[in-house]
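Take a look at the letters that make up each chain.
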Amino acid sequence: MLHFELVTPERLVRSEDVHMVVVPGTEGDFGVLEGHAPLMSTIRDGNLEIYKTGATTPETIRIEGGFAEVNERGLTVLAEKAE
């Protein structure tokens, strides 16, 4: 499982283990699974798609601006806003 955290300046919105997250990068959407290569990207306003398991319909969270970082610990999305 992929460890995923969504953080805004005000609070930690989400911290959980998931199957996959699709992030709205400024140069296009990208999916992150466990074991993804290290990556840092700016993000555009859009929807994060969070897949709890491989065969589920994703949960969607609207985000605005920020950065996404993938490292050996998982995916961290630092968003200006999350709804």
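In what follows, the accompanying structure is described. This one's a predicted model, so the numbers in the text were calculated from it and none came from an experiment.

Thresholds, definitions, all that
- Residues take numbers from 1 onward in each chain, read along the sequence in its written order.
- Selection of residues for local features in this predicted model requires a pLDDT of at least 70, selection of side-chain atom pairs for listing and counting requires 80 or more, and totals for whole chains, interfaces and linings are taken over all residues.
- Each side-chain value is worked out from all heavy atoms of the structure, with water and hydrogens disregarded.
- Here a helix means four or more residues in a row that DSSP labels H or I, a strand means two or more in a row labelled E, and each is numbered from the N terminus.
- For the radius of gyration, the atoms used are the C-alpha atoms, and the globule rule reads 2.2 Å times the number of residues raised to 0.38.
- The rule is simple: take the accessible area with a 1.4 Å probe, protein chains only, and divide by the maximum for that residue type; under 20% is buried, over 50% is exposed, in between is partly exposed.
- Surface accessibility in these figures is a Shrake-Rupley result with a 1.4 Å probe; residues are shielded only by whichever protein chains are displayed.
- Positive charges are assigned to Lys and Arg, negative charges to Asp and Glu, while His and the chain termini are left out of the count.
- Lys charges are placed at NZ, Arg charges at CZ, Asp charges at CG and Glu charges at CD.
- In what follows, residue pairs with any heavy atoms lying within 4.5 Å of each other are defined as contacts.
- At least two DSSP bridges between two strands are required for those strands to pair.

What follows covers the overall build of the protein chain. Of regular secondary structure, the protein chain possesses 0 helices and 8 strands. Going from the N terminus to the C terminus, the protein chain shows its helices and strands as β-β-β-β-β-β-β-β. For 83 residues, the compact-globule estimate of 2.2 N^0.38 gives 12 Å, and the C-alpha radius of gyration of the protein chain, at 11 Å, lies within 12% of that figure. Principal axes of the C-alpha set define a box for the protein chain whose edges measure 30 × 25 × 25 Å. Within the protein chain, the fraction of its 83 residues that count as buried is 37%. As presented, the protein chain carries roughly 4,800 Å² of accessible surface, and 50% of it is formed by carbon and sulfur atoms. In the protein chain, the 7 positive side-chain charges and the 15 negative ones have mean positions that sit 5 Å from each other.

One can find Ser41 in strand 5 (residues 39–42). The residues contacting Ser41, other than those within four sequence positions of it, are Gly25, Phe30, Gly66, Phe67 and Ala68.

Here we take up the pairing of strand 6 (residues 46–51). Where strand 3 (residues 20–25) meets strand 6, 3 bridges bridge the pair, whose relative direction is antiparallel. Note on strand 6: the bridge partner recorded for Val21 is Ile50. Across 5 bridges, the pairing between strand 6 and strand 7 (residues 59–71) is antiparallel. Its bridge partner lying in strand 7, Ile50 is registered against Glu59.

In this section: the pairing of strand 2 (residues 12–18). Pairing between strand 1 (residues 2–7) and strand 2: 6 bridges, direction antiparallel. If you follow His3 over to strand 2, its bridge partner there is Asp17.

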